[in-house]
Amino acid sequence: MHENRTPLPPNLAGSLWMIAAMAAFALEDAFVKQAALQLPVSEILVLFGLGGALAFWALAAFNREHVFRREVISPVMQVRFGFELVGRLFYILALALTPLSATTVILQATPIFVVLGAALFFGEKVGWRRWTAILVGLVGVIIVLKPDSGSFTPLSLLAVIGMLGFSGRDLASRAAPASLSTNVLGFYGFVTILIAGLLFGLWEQPVFVAPPPNSIFALLAAVFFGIFAYTALMKAMRTGEIATVAPFRYSRLLFGVLLGVVWFGETVDTQMLIGCGIIVGSGLFILWRGGKVRGKS
């Protein structure tokens, strides 16, 4: 006899997919940072981008999805490409050159800047409560950066620039043609990483070195977890209510900080924890308030 398996409630299933996606994204970051201990950043970008692009191309081919489509060169996709290039390049630079924990914390401000951009460029109505939360979230980012301490360097801004690039990419994705599937967008996302590596290689020396076996393993692991994370994220956003599932994005913070401390021996001080709490609190309030406003319309 076969046991009857009761499917998980949609909200619970979506939340579990989101947590799995955030854990995988954190592992992707950690393996990229591990590879950066031995390889130039430009080489990491090229190899990582090439591996991910090939994987998503194979997935698209398996699902009989055409990668080369006219919509790919539409104006909004060109804008998305520009923001993704900036986001990917500077975020991986931040992973390579700054602590994983601090980089992960700053990335959590992305939803705050997405709401800010939606209000400024898409005319989305944002009330005074969400504007206040946006300003408070910005204060949290400043606290994490520690501009008043001797530890602050221009490298601290790498993660901020990467986060702004991702925010612009997410905004552009809202206007991207609906005919472009997750696999197609994933393919071009990794192609962007490859191009970013080639462009950065014009400046960085040396550009390429013979990768040792452990670095090859780290990059393959990063590609694997990156593809799984991207797929799990799409499943999460299509399962259950967004207002219930989306807040679990912040679980990436826990995984990222934990990996930074355990894997790379980083330290987390009180100031970072305070900034982290402010950013997460502001983001959760914006999500909650946004859902409440939509519910009234």
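Residues numbered from 1 in each chain as written. Predicted model: local features only at pLDDT ≥ 70, side-chain atom pairs only at ≥ 80, totals over all residues. Heavy atoms only, no water.

### Considering the overall build of the protein
Okay, step 1: Helix and strand counts for the protein stand at twelve helices and zero strands.
Okay, step 2: The C-alpha radius of gyration computed for the protein amounts to 19 Å, which stays within 12% of the reference 19 Å derived for 297 residues, consistent with globular compactness.
Okay, step 3: Seen through its C-alpha atoms, the protein measures out along the principal axes to roughly 60 × 60 × 50 Å.
Okay, step 4: Taken over 297 residues, the protein has a buried fraction of 48%.
Okay, step 5: Summed over its atoms, the accessible surface of the protein is roughly 15100 Å², and 70% of this surface lies on carbon and sulfur atoms.
Okay, step 6: Positive and negative side-chain charges of the protein, numbering 21 and 14 respectively, have mean locations separated by a distance of 11 Å. (Helix = DSSP H or I, 4+ residues; strand = E, 2+ residues; numbered from the N terminus. Rg over C-alpha atoms; globule rule 2.2 N^0.38 Å. Buried < 20%, exposed > 50% of the residue type's maximum accessible area, 1.4 Å probe, protein only. Areas by Shrake-Rupley, 256 points an atom, 1.4 Å probe, with all protein chains shown as cover. Lys, Arg positive; Asp, Glu negative; His and termini not counted. Charge placed at Lys NZ, Arg CZ, Asp CG, Glu CD.)

### Structural notes on the packing of helix H2 (residues 41-62) against helix H9 (residues 213-237)
Okay, step 1: Put simply, H2 and H9 touch, their axes get as near as 9 Å, and they point 45° apart. On the basis of the axis angle, H2 is oblique to H9. In the crossing of H2 with H9, the sense of the turn from one axis to the other is right-handed. Listed contacts from H9 to Ile 44, Leu 47, Phe 48, Gly 51, Gly 52, Ala 55, Phe 56 and Leu 59 of H2 are Leu 219, Ala 222, Val 223, Ile 227 and Tyr 230.
Okay, step 2: Partitioning the contact of H2 with H9 into residue classes produces eleven nonpolar, two polar and no charged. (Axes fitted to C-alpha atoms, helices over the stretch in contact; angles between N-to-C directions. Parallel < 35°, antiparallel > 145°, perpendicular 65-115°, else oblique. Left-handed = near helix turned anticlockwise from the far one by under 90°. Contact = heavy atoms within 4.5 Å. Nonpolar A, V, L, I, M, F, W, Y, C, P; charged D, E, K, R; others polar.)

### With respect to the pattern of salt bridges
Okay, step 1: Scanning the entire structure with this criterion turns up six salt bridges.
Okay, step 2: Of the charged contacts, one joins Arg 80 and Glu 84 as a salt bridge, the two residues approaching to 3.1 Å between their closest N and O atoms. Remark: Glu 84 and Arg 80 occur in helix H3 (residues 75-97); sequence separation between them is four residues, near one turn of the helix.
Okay, step 3: Assessed through its relative accessible area of 7%, Arg 80 is described here as buried.
Okay, step 4: For Arg 169, the salt bridge identified is with Asp 170, shortest N-O distance 3.1 Å.
Okay, step 5: Overall, the relative accessible area of 28% leaves Asp 170 in the partly exposed class.
Okay, step 6: Several salt bridges converge on common partners, so that one network encompasses Arg 80, Glu 84, Arg 88, Arg 169 and Asp 170. (Salt bridge = Lys/Arg side-chain N within 4 Å of Asp/Glu carboxyl O.)

### Topic: helix H5 (residues 110-121)
Count 3.6 residues to each turn of an α-helix, and residues three or four apart come out pointing the same way.
Okay, step 1: Spanning twelve residues, H5 covers 16 Å between terminal C-alpha atoms, matching the ideal 16 Å at 1.5 Å per step.
Okay, step 2: H5 sits mainly inside the fold: nine of its twelve residues count as buried.
Okay, step 3: Residues Thr 110, Ile 112, Phe 113, Val 114, Val 115, Leu 116, Gly 117, Ala 118 and Ala 119 constitute the buried set of H5.
Okay, step 4: Positioned one or two residues after H5, Gly 123 has a phi angle of 70°, which is positive. (Expected span 1.5 Å × (residues − 1).)

### As for the UniProt feature "domain: EamA" (unreviewed entry) in the protein
Okay, step 1: Following the UniProt record, the feature "domain: EamA" (unreviewed entry) maps to residues 13-145 and 157-287 here.
Okay, step 2: End C-alpha to end C-alpha, residues 13-145 measures 35 Å, and it is 80% helix and 0% strand. (UniProt positions renumbered as here; feature names shortened; annotations may be inferred.)

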